[in-house]
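As a plain string of letters, each chain reads:
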Amino acid sequence: MAAEVSVVPASGYYPVRILNALPTATTFRQKRKQFISATINNTRRGNTRSSMSKKAGDKNEEEMERRSFKDYLEHSKDLVRSSDAGPPRWFSPLECSATLKNSPLLLSLPGLDGNGLGLSLQYQRLGQIFDIWCLHIPIDDRTPFPELVKLVERTVRSENHRLPNRPIYLIGESFGGCIALAVASCNPDIDLVLILANPATSFRESQFQPLIPPLEVMPDNLHIGVPYLLSLMTDSPTKLVIAALEKGLSPQQTVGEMSQGAMALSSYLSVMSDVLSAKSLLWKLKLVTSACAFANSRLHAVKAQTLILSSGKDHLLPSREEADRLKKILPICEIRRFNDSGHALFLESAIDLVTIIMGSSFYRRQRYLDYASDYFPPSPSEFKKLYETTSFIEKFTSPVMLSTLENGKIVRSLAGIPYKGPVILVGYHMMVGLELAPLTSRFWIDGDIHLRAIAHPFLFKKLKEENMLDISAFDIVRVMGAVPVSPTNLYRLLSLNSHVLLYPGGVREAFHRKGEEYKLFWPEQSEFIRMAARFGAKIIPFGVVGEDDVSQLLLDYDDQVKIPFLQSYNKEFNESFTKLRADSEGEVAKQDLHLPILLPKVPGRFYFLFGKPIETEGRKQELMTREKSQELYREVKSEVENCLAYLKEKRENDPYRSILARQVYQAIHGPDAEVPTFSL
């Protein structure tokens, strides 16, 4: 095996380590600091904890470190200049370092350009959870497609032999998607995970096809059409404009940013025009034609778990239609669609690949996914994006967050919530979980606490093709760390000292009938007390009211079973899932899922009250007895009911319960002013 060679090209390109074409090397990067989950600044009001100032610094550091499309252009130009005419080889950016134990190997397979830097905007995040190797194919290389497949295949087999329990990720964009599919078809017994961005398996329908005949008759040394071609491939001008606008700079600074980007693009295209001749371009087009044919002929043999990322504005390939075609052929396949994105998906600043992978439950460090420990929280900037998608709920309901201190005093803040876990928050589930968005976001922002919710399995299960619900609609739930309900997952979360959000009433409570607002539907037997005692977890009962202030239940489950169409749909939908508590009796056993029909109201207000923490530490032996665990279980339920009763009574004295009153207050005191509530 050839020795590793450290390469540091000119012009400030970040260092990479080059491996030979048949790598069997072990991980070679230095470990960096453990990633610390951070949160965004509270831009709406300033009542956060003092630790937030440090988090704000973490956020700024993260934003400064993340690469831009302009950086990609500069680095690609430097890599092309420094690259020799040698064979394809692997490299790994030294800025990437897997901080998680047993991080899986990620092999990045390039698009038609072959430079291997397609994931450069994603390196910082990906490098925290993956061991990253990138394939570089020099411009003058003439290795045929079957040989490229063998090169990647030998790497896959070598690394699988070295670490057989670690999955190997093949992330392929465009041309690289064909390589990934070909390698997977030849290795059905190896644990591979494919992530394909606009795979070139549809190249037969590409607008590049008409270019092949003219290129065949052009002179060898003719350099023509490269600037147009490369701009088309990456949608470069649009990306530069969007990247500049997203920074939120002043108009003058934005113009300067775009000017610098235009200069970088011009320099990059000039270098590529010098080195990429008509014959080189012809070779690459024929190479991807061969790749398309090879991959399509082997699709039937692909058994790997596959995630297809499909762009809606791909001007090179019919990627939307191709994603649907591949999903029908591949046995384990999901699609995530990006309707406003172009062909070079990973080079868009709005794309966070780690969030996509986590949201689709595609990240694991062993053969089977561990929802508790295989989770990686969103970055501060990504959380901000997620928060903005649900912030309208907070805007309309102005949640009041109350907690109880150790001395029993109720305060308007989350000061009563223990910062250190393990903690189990046990409470009432509003209709369709309306409280979840403001609850989890306020804990993250105001309390610097990340809640891990115990959720129904249907949020994680692939649905039938004909079902009206798209599983991607629940990606945000998984991104925020929810896990399927099970004793094992609760055990694992508590062992990680997590703050766990638990609803004993489940979907029966969240999809209650008319007249059942604020009624608890808990099972007769305790399901979490002994587990809490085993880890000495604090139990915090809580109540939340306000659903009746924002909506009216028009058609509940009892109404829908009388409508043939809805009855048939609900029955078929529920057949897709295992019934929870099927062996239980009473109301709690009725866990059928359905979509209630709600009539919106002029928005009122949400009120949360978190009761005094209940200690279980030191009571393990005591609470292992059925009698004592049931006694504490009844106490927790009673406290939740007390919280609900308190809030229902006190909200009657809130002068700002109506949205109109709150708007008037903020018009006078400013849009960021915290709206008062009833006296405590």
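An account of the accompanying structure is given in this report. (Residues numbered from 1 in each chain as written. Predicted model: local features only at pLDDT ≥ 70, side-chain atom pairs only at ≥ 80, totals over all residues. Heavy atoms only, no water.)

## A short note on the overall build of the protein chain
What counts is decided by this rule: Strands here are runs of E lasting at least two residues and helices are runs of H or I lasting at least four, both read from the DSSP assignment and numbered beginning at the N terminus. Three labels apply to residues, based on accessible area from a 1.4 Å probe with only protein chains included: buried if under 20% of the type maximum, exposed if over 50%, partly exposed otherwise in between. Any two residues having at least one pair of non-hydrogen atoms within 4.5 Å are treated as being in contact. Accessibility throughout is a Shrake-Rupley quantity obtained with a 1.4 Å probe, and a residue counts as covered only by protein chains that appear here.
Secondary structure assignment for the protein chain yields 24 helices and 19 strands. Considering the protein chain as a whole, with its 680 residues, one finds that 57% of them fall into the buried category. In the protein chain, once contacts between residues fewer than 6 apart in sequence are set aside, the share between residues at least 24 apart is 82%. Accessible surface for the protein chain amounts to roughly 29000 Å². Of this, 55% is attributable to carbon and sulfur atoms.

## Structural notes on the nonpolar core
We count it as follows: In this description, a nonpolar core means a group of buried Ala, Val, Leu, Ile, Met, Phe, Trp, Tyr and Cys residues linked to one another through side-chain atoms lying within 4.5 Å.
Core analysis: the largest hydrophobic core is formed by 70 residues, its most contacted members being Leu 425, Leu 439, Phe 443, Phe 528, Ile 539, Phe 610 and Val 636. If you tally residues by element for this core, the top one is helix 23 (residues 626-650), at 7 residues. Apart from residues lying up to four places away in sequence, Leu 439 is in contact with Met 401, Leu 451, Leu 501, Tyr 503, Phe 542, Phe 608 and Phe 610. Core analysis: the next-biggest nonpolar cluster, separate from the first, contains 51 residues, Leu 170, Cys 178, Leu 285 and Leu 317 among them.

## Structural notes on the pairing of strand 16 (residues 538-545)
On a regular strand, each side chain points to the face opposite its neighbour's, so the side chains alternate between the two faces of the sheet. Under the convention used in this document: Pairs of strands are assigned from DSSP output, requiring at least two bridges between the strands.
Where burial is concerned, most of strand 16 is hidden: 7 out of the 8 residues are buried. Looking at chain direction, strand 12 (residues 423-427) and strand 16 are connected through 5 bridges and run parallel. Paired with Val 423 across the two strands is Lys 538, which belongs to strand 16. Here strand 16 runs beside strand 19 (residues 607-610); their pairing, made up of 4 bridges, is antiparallel.

## Concerning the pairing of strand 7 (residues 192-197)
The cut-off we apply is this: With the strands aimed away from the viewer, a crossover counts as right-handed if its path from the first strand over the helix to the second runs clockwise.
Of all 6 residues that make up strand 7, 6 are buried, and the element is covered over most of its length. Alternating positions in strand 7 separate into two faces, Leu 192, Leu 194 and Leu 196 on one and Val 193, Ile 195 and Ala 197 on the other, with burial throughout. The parallel pair strand 6 (residues 168-173) and strand 7, bridged by helix 5 (residues 175-186), forms a crossover whose chirality is right-handed. Examined bridge by bridge, strand 7 and strand 8 (residues 305-311) share 5 bridges and lie parallel to one another. Each residue of the ladder has a partner; that of Val 193, found in strand 8, is Gln 305.

## Some thoughts on empty space enclosed by the protein
Our working definition: Cavity: a set of points on a 1 Å grid over the protein atoms alone where a 1.4 Å probe fits but cannot get out. Pocket: an open set with protein on both sides within 12 Å along at least five of seven lines, its lining residues, like those of a cavity, having an atom within 4 Å of a point. Grid points are joined across faces, edges and corners, and a volume is the space filled by probe spheres set on the points. Polar here means any residue other than Ala, Val, Leu, Ile, Met, Phe, Trp, Tyr, Cys and Pro, which are nonpolar, and Asp, Glu, Lys and Arg, which are charged; Gly is therefore polar.
With the rule as written, the count across this model stands at 7 cavities of 30 Å³ or more. A volume near 100 Å³ is recorded for the second largest cavity. Around the second largest cavity, the lining comprises 13 residues; the ones closest to its centre are Met 358, Ser 361, Tyr 371, Tyr 375 and Arg 478. Its residues assigned to classes, the lining of the second largest cavity shows 7 nonpolar, 2 polar and 4 charged.

## Side note on helix 5
As a reminder of what qualifies: The span you would expect from a helix comes to 1.5 Å times its residue count less one.
Spanning 12 residues, helix 5 covers 17 Å between terminal C-alpha atoms, matching the ideal 16 Å at 1.5 Å per step. With 11 of 12 residues buried, helix 5 is to be regarded as a mostly interior element. Among all positions in helix 5, only Phe 175, Gly 176, Gly 177, Cys 178, Ile 179, Ala 180, Leu 181, Ala 182, Val 183, Ala 184 and Ser 185 are buried. Tucked inside the fold, the buried residues of helix 5 contact strand 4 (105-109), helix 4 (145-162), strand 6, strand 7 and helix 10 (278-297).

## Focus on the pattern of salt bridges
Which entries qualify depends on this criterion: Each salt bridge in this description consists of a side-chain nitrogen of Lys or Arg and a carboxyl oxygen of Asp or Glu lying within 4 Å of one another.
Throughout the structure, instances matching the rule amount to 30 salt bridges. Here Asp 131 ties to Arg 166 by a salt bridge, and the two come within 3.9 Å at their closest N and O atoms. With a gap of 35 residues between them, Asp 131 in strand 5 (residues 131-136) and Arg 166 in the loop between helix 4 and strand 6 connect regions that are remote in the sequence. Given the relative accessible area of 2%, Asp 131 is considered buried.

## Regarding a nonpolar patch on the surface
Applied cut-off: Each patch groups residues whose relative accessible area exceeds 30% and which form no salt bridge, using 9 Å between like charges and 5 Å between nonpolar side chains of Val, Leu, Ile, Met, Phe, Trp and Tyr.
The grouping of Leu 554, Ile 597 and Leu 599 at the surface amounts to a nonpolar patch, some 230 Å² of accessible area in total. Inspection of the secondary structure puts Ile 597 in strand 18 (residues 597-600). The exposure class assigned to Ile 597 is partly exposed, which follows from its relative accessible area of 33%.

## Things to note about the packing of aromatic side chains
Heads up, the condition is: Pairing of aromatic rings covers Phe, Tyr and the six-membered ring of Trp, with a centre-to-centre limit of 6.5 Å; geometry is then stacked below 30 degrees between planes, edge-to-face above 60, and tilted otherwise.
In total, this model carries 20 aromatic pairs according to the counting rule given. Pairing Trp 90 with Trp 133 gives two aromatic rings, centres 6.4 Å apart and planes at 55°, and the pair type is tilted. Placement of the pair is Trp 90 in strand 3 (residues 89-93) and Trp 133 in strand 5, with a sequence separation of 43 residues. The same class applies to Trp 90 as to Trp 133, namely buried. Among the aromatic residues, those joined into a ring-pair cluster are Phe 443, Tyr 503, Phe 542, Phe 608 and Phe 610.

## Quick notes on the sheet that holds strand 14 (residues 483-484)
If you trace the 8 strands from one edge of the open sheet to the other, you get 11-10-19-16-12-15-13-14, paired in mixed fashion. Strands with a single pairing partner mark the edges of an open sheet, and in this sheet they are strand 11 (410-411) and strand 14.

## Some thoughts on helix 24 (residues 659-669)
The condition is simple: Here the arc refers to the set of directions running from the helix axis out to each C-beta atom. What qualifies as a polar contact is a pair of N or O atoms within 3.5 Å, subject to a donor-acceptor requirement within protein and to the restriction that residues adjacent in sequence count only when both atoms come from side chains.
The complete set of buried residues in helix 24 reads Ile 659, Arg 662 and Tyr 665. Taken down its axis, helix 24 places every buried residue within 120° of arc, on the same side. Summarising the geometry of helix 24, the exposed residues directed more than 90 degrees from the buried face are Leu 660, Val 664, Ala 667 and Ile 668. Each element contacted by the buried residues of helix 24 is listed here: helix 13 (380-397). Of the residues that open helix 24, the one with a side-chain oxygen 3.2 Å from the backbone nitrogen of Leu 660 is Ser 658. Phi for Gly 670, located one or two positions after helix 24, is positive at around 110°.

## Some words on the side chain of Asn 489
Tracing the chain through its elements places Asn 489 in helix 16 (residues 487-495). Asn 489 gets classed as buried once you look at its relative accessible area, which sits at 7%. Within the structure, Asn 489 has its side chain in polar contact with the backbone oxygen of Pro 484 (distance 2.8 Å). Those residues in contact with Asn 489 that sit more than four places away from it in its chain are Tyr 371, Val 483 and Pro 484.

## Quick word on unusual backbone geometry
Pro 422 follows Gly 421 through a cis peptide bond whose omega is 5°. Despite not being glycine, Asn 198 shows a phi value in the positive range, around 50°. Topologically, Asn 198 is positioned in the loop between strand 7 and helix 6 (212-216). Given a relative accessible area of 0%, Asn 198 falls into the buried group. Positioned with a positive phi, Val 432 is a non-glycine residue whose angle comes to about 50°. Residue position: Val 432 is located in the loop between strand 12 and helix 14 (436-447). Classification of Val 432 by relative accessible area gives partly exposed; the value is 35%.

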